[in-house]
Every structure is written in structure tokens, then in C-alpha cells.
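Chain by chain, the residues run as shown.
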Amino acid sequence: MVRNLYEIARRVFSPLLILSLLVLCLSSCVAPPVRQSTVSPVAPQGKYGAGHETAWARQARQLEFEGDFLGAYKEVHDPYLESLRPDLRQWLLRLLDKMSLESLQRLKEEETNNELRCQVLEKIFARLDDGRSRSGEYAAVVRDILTNCSLSESARSRYEQLLQSYLSGVEGPSFTVGCLLPLSGEYADYGNKILQGMELALQVFDEHQQPNAGAGIRLLVRDTAGDSDRVRELVASLAEDEQVSLIVGPVTGQASLYAAAEAESRGIDIITLTPRAGIAAHGEHVFQHFLTMENQAKALMDLAAGRLGFTSLALLYPSTFYGHQAAKLLRGYARQWGAELVREVSYDPTSKDYGRSIKELIGVEKYADYQQRKKAYEAWAKEQKASEEKEKPEVEDSVKVLAKEIGLEADELFQKSDEDFLPRPVLELDFSGIIIPDFYQRIRLLAPQLAFYDLTDCRFFGTRGWNAPQLAEDAGQQVEGALFVDAFCHEGDEPRLLAEYRDSYEAMFGDDASIYDAYGYDTMMLIRRVLTALQQDGQDVNPETLREKLLAVHDMPMATGITSVSPDGEIEKKLFNLSFQGGHIVPVDPVCSQGRD
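Source: prediction; values computed, not measured.

Draft legend 1. Examining helix α20 (residues 515-536) more closely. Relative to the 32 Å expected for 22 residues at 1.5 Å per residue, α20 spans 31 Å between its end C-alpha atoms, a close match to the ideal helical length. Burial of α20 is extensive: 17 of the 22 residues sit out of reach of the surface. Residue Gly538 follows α20 closely and has a positive phi angle near 70°.

As C-alpha cells, this is what we get:
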């Protein structure tokens, strides 16, 4: 019976066992199915790896649920920058899509990562463009994107076209101005400031439009990127592809020379915006609208010699192209005003010790003699002080009693003879004023050394480089009363047009106005005046008529001063006479108050 049961079990279960073993073998040769993850397979990095995100991720999700998208963005921000996880980047972009325009504008100022900041700028642009909110910020955002963000050629072209369309102000512009400015590169700050001034001028056109007066001015802006070699090609493109009759810019001297040569060869008017002297002399179609050294030298000598009567002057200048140019021009204008530069001394601009040059300015032998007399006087004064301290109080009291009895002052009893008295030495100079054509960075080092060498009784005169409020803070009393010239007043009794311009600029851009944006503004105002004159006379707008009307501009009130165009094409200013008074820069005569109510 048992044997029969065993035989039955063997026959039934043996095949099942073999089948199970076969299945097990086959299953071990096939990979098990894997569940797909929704998170990108990025290895955890630092404390913000996937295994450590619970606390901040929970907080971010809660803030997002509550509608605080800016707060959620800030929670995800650092984890993303630490780990660079693609899923966190997508989270940030989703939050940007949900943010209000106000939150995006706030984030634009706070975001320090350039890649993320560019994402913020693009979201702001999309909101402004979709809503047709063409405020001053629209152009500023587009320029910010063009300047600071990495763009494909097609995207860059699109943004440039949108900016130009905005700046044109109207559909179907009647006049196009080519504009060459360094919006990126080393000189980007200057270029962007000038462009902002131009943008403000275009808005003024819209607000104060007279019938057909400057209507439809369109700017075609081209970024030179500070590369002088590109400007010929850019001028050619504006002339051939856009058929412009007028170009504004560039900013640097070398670029302006190249652009002027190309524009002149094509018969196109160009208004360069460089301080480099002589640019306007390179052709009849070449104009120059920025404060030049010649303009400054003429105004400075008129102030010093013509108006204040300083006919014996010294010149202390840096051994640079700027300094040598200033010396040459000041020498010529001194003769015109009947003055003389009795000393001309240069100094090494790379040095921080100007002692050798200052002694040469005074006269080496003269200064050595003065130093000898000064040391003798100081030794004598020290002895006198010591002897006075030795006198006993009771003796002084008895002297006072005696003096009172005989009706004299106590000091009269002890008058010293001429042999006992040593006069304080005086540094005798053959000039009464010193002209220093340089900039704030060196003046603040030079002024204390001039005081150290006892040049304190001279009046200092300077060029526009002195017009820096920081100089009053750094040098203080050592520059008190110094006089200088510029086309821009920082403070004080500003002329009415400059005060109005400053208020408008700061309201539109939220930044301090400067001479660069003011020149951009005034350049567009000048073009507007010329176009208005052509329209009133019924003349066609072309390079010849533009040039004729530009040369006819005389004594035009502008933010940067009373303006006239000279026959050689230089656009000159009646500059403001300024001075340091009580730690502030103030105008010193009615010239800076011209036109103020």
C-alpha cells in the first residue's frame, strides 16, 4: 500500500518539479521590468541633492499653492544653483510664468545670476509687449536683453527691430537717423546713457508735437561694441540698405575718424559724439557734438584772463595726449586774451608723487631758498615759544600790574628790536593762477601735494575733469574756490532747461542724469529743430539741406548750454563757469543761470 502511494507521488510531482525549475531558470535570464521615474537621473550634489530636498521643497510647494510665486521662487533658487537640476530649472520657469509684472520687475533688480535674470527680462518683455504697455521701461528692457543676454542671430535681429519700431514713435516714419553707439563692450555705459537721452527726446516729441515738427523720426540703432574697425561696414550698411541721410555717433575718437571718412565719401551727414578734437575738420558733411578741449580752453581762458584779469598764469598738465593737447590750445588762447603762461610743467600721470614737477613749477632755486628761510623761521619760532614758556607766572603778574600803572599794554613793555624779530617767509611767485587740465582721479592726489608745497595763495583753474562732487569730498579745503568749466551743472542754480531735463530723465529712468545722456538728448533736439526748419521752408530733406540748416544754428538754448554750429562743423557751447564753494559745486556767474526763471 505504501509502495503504491510513493509510486503515485513520484509520477505526479516529478514533472511539476522539473517544470518549476525550468521556469525559475528562464526567469533568471530575463531582466525584470523597471518603473520609469519622472525625475531626471541627475546625481545628487551637495545638500540640495534629491535625497535632501524635503524641507525646502515642501515650503516652496506651500508658497506656490498660496499664490506667493515670488516667495516660492526664492525657496527653489539656491537649490537650483547648487545642483543645476533640470527639474528645478523648470520649476523656476513655471513660477516666473505665474508671477505678476510687479513681482517680475522686483526680481529683475534682485536676481544676480545672469542666465536667470535674462529669463526674468524675457518674461517682463512678453508682458509689456502683449499688453502694448509701451512705457519707457519697454525700451530699457529690450536694450537690457540685447546687451546682457546670449541670443541667437534671429532673436537678436527681432529684438533690434522691435526696439527700432518703438523708438520711431509712429508708423511710416518720414525720416530715419542711423545711430552708431557702443551698447556692449568697454564703452557700453557711455553708449547706453547717450541712447537713453535720445529715447527721452523722442518721448518729448510725442508729448509736445507741433504739426509736422520733427514727426516720424526713427532711430536705426547699431551696436559698435567699441570696435573701431566695424564702423566703416556699419556706415556702409546704413547708407546702402537703409538709405539714411544722417548718422549720429560713434563715441570714441578712432571710431569717429573711420565713420567720418566713410560718411564723407558717401556724401552723408554725420554728427559724431566724441570729445576728440579736430574730427569736424575731416569733411564738409562731418559735424561734432561733444565738449572738446578747444571749447574748454577757449572758455577757460576767457574766464581766467578775460573776465578775472589773471594775466600771469602757470600750466601744470599730465604728460598724456589729453594734457599735451590742452597745453597747445591754452597757449594759443592765452595770447588771444593778452595773458602769458609763465611756467609750463608736465607730470607723470602714472606717479603718485608730483613733488619734482611742483618744485619745477615754482622754480627749483627759488623753492630751495624759500625752504631755507622757512626752516630758519620755524627754528626761531620754536625758540621764542620755549623762552615764553619759561617765564614765571608771578613775573607775568608783576608786569601786568606795572603796565596798568603806567597805562600801557603788557606786551608793549617787551617789544623786541628789529634784530630780535624774524618775519614769516613768503613764497614769492611770478604767477597768480595755476591751470590744471586733468580729471578727478589725479586731481584728488595732486591737490594735497600742492598744499604741502605751500601753493595755497594761488587760484586753481580746471577743465571739465574737475566737475566731480567726489573731489570736494576727497580734497575739501584744498580745492575750495577752484574754478572750472563744463557743459553740465551737477547742482546749484541750474539753468531752467537743464533742470527740466534732469527732472524728466530721472523720472523716466530712475537714475541720475549725466553729461552723456544730456548730449544724446540735445542731439535729437537739434535734429528736430533742423527738420522743423526744412518743413517750414518747404525744402526736401537730404544731406545738402540738412547741412545748410545745421550750419545756420546759432545761440540755441539747450540742456548742455547755449549752442552754435561753427563753420567747420564743430557744435560749440557757451560753457558754465563753476566753482567749489562750501564743499559743493556751484555756478559762479549768470552764465549758468541762463534762461532760468
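Draft legend 2. Structural context of empty space enclosed by the protein. The tally for this structure, following the rule as stated, stands at 1 cavity of 30 Å³ or more. Its volume calculated, the largest cavity comes out at about 40 Å³. In terms of lining residues, the largest cavity is bounded by Leu246, Ile271, Ile527, Val530, Leu531, Leu546 and Leu550. Across the lining of the largest cavity, the residue classes break down as 7 nonpolar, no polar and no charged.

Draft legend 3. Seen up close, the packing of helix α3 (residues 69-83) against helix α5 (residues 101-110). Two elements in contact, α3 and α5, have axes whose closest approach is 10 Å; the angle formed by their N-to-C orientations is 30°. One element, α3, and the other, α5, form an angle in the roughly parallel class. Considering the relative orientation of α3 and α5, their crossing is right-handed. Mapping the contact onto sequence places Leu70, Tyr73 and Lys74 in α3 and Ser103, Arg106, Leu107 and Glu110 in α5. Per-class residue counts for the contact of α3 with α5 are 3 nonpolar, 1 polar and 3 charged.

Draft legend 4. Focus on the pattern of salt bridges. Counted according to the given criterion, the structure contains 25 salt bridges. We note a salt bridge from Glu242 to Arg222, for which the minimum N-O separation is 3.7 Å. On the criterion of sequence distance, the pair formed by Glu242 in the loop between α10 (231-240) and β3 (246-248) and Arg222 in strand β2 (residues 217-223) is long-range, its members being 20 residues apart. Given the relative accessible area of 30%, Glu242 is considered partly exposed. Judged by relative accessible area, Arg222 falls into the buried class, the value being 18%. Asp430 is the salt-bridge partner of Arg343, the closest N and O atoms lying 3.2 Å from each other. In this pair, Arg343 sits in strand β7 (residues 340-347) while Asp430 sits in the loop between α16 (393-406) and β8 (433-436), placing the two residues 87 residues apart along the sequence. The exposure class of Arg343 is partly exposed, given its relative accessible area of 21%. Residue class for Asp430 comes out partly exposed when judged on its relative accessible area of 32%.

Draft legend 5. A look at the layout of surface pockets. Of the pockets and cavities examined, the largest pocket occupies roughly 1200 Å³. Mapped by element, the contributors of at least two residues to the lining of the largest pocket are α12 (293-307), α13 (321-336), α17 (440-452), α18 (469-475) and α20. Here the lining of the largest pocket is built from residues that sort into 19 nonpolar, 12 polar and 5 charged.

Draft legend 6. The packing of helix α2 (residues 54-66) against helix α4 (residues 86-98), seen in detail. Interaxial distance between α2 and α4 falls to 12 Å at its minimum, and their mutual angle equals 20°. Viewed along their axes, α2 and α4 adopt a mutual orientation that is roughly parallel. As for the relative orientation of α2 and α4, their crossing is left-handed in sense. Facing α2, whose interface residues are Trp56, Ala57, Ala60, Arg61 and Glu64, α4 presents Leu88, Trp91, Arg94, Leu95 and Lys98. For the contact of α2 with α4, a count of residues per class yields 6 nonpolar, no polar and 4 charged.

Draft legend 7. Looking closely at the packing of aromatic side chains. Inspection of every chain in the model, using the stated rule, returns 17 aromatic pairs. Chaining the aromatic ring pairs together yields one cluster made of Tyr187, Tyr190, Phe290, Tyr516 and Tyr519. One cation-aromatic arrangement involves Arg158 over Tyr159; the distance from NZ or CZ to the ring centre is 5.6 Å.

Criteria and thresholds
Residues numbered from 1 in each chain as written. Predicted model: local features only at pLDDT ≥ 70, side-chain atom pairs only at ≥ 80, totals over all residues. Heavy atoms only, no water. Helix = DSSP H or I, 4+ residues; strand = E, 2+ residues; numbered from the N terminus. Expected span 1.5 Å × (residues − 1). Buried < 20%, exposed > 50% of the residue type's maximum accessible area, 1.4 Å probe, protein only. 1 Å grid on protein atoms, 1.4 Å probe; cavity = no way out; pocket = protein on both sides within 12 Å on 5 of 7 lines; lining within 4 Å. Points joined across faces, edges and corners; volume = space filled by probe spheres on them. Nonpolar A, V, L, I, M, F, W, Y, C, P; charged D, E, K, R; others polar. Axes fitted to C-alpha atoms, helices over the stretch in contact; angles between N-to-C directions. Parallel < 35°, antiparallel > 145°, perpendicular 65-115°, else oblique. Left-handed = near helix turned anticlockwise from the far one by under 90°. Contact = heavy atoms within 4.5 Å. Salt bridge = Lys/Arg side-chain N within 4 Å of Asp/Glu carboxyl O. Phe/Tyr/Trp six-rings, centres within 6.5 Å; stacked < 30°, edge-to-face > 60°. Lys NZ or Arg CZ within 6 Å of the ring centre and 35° of its normal.

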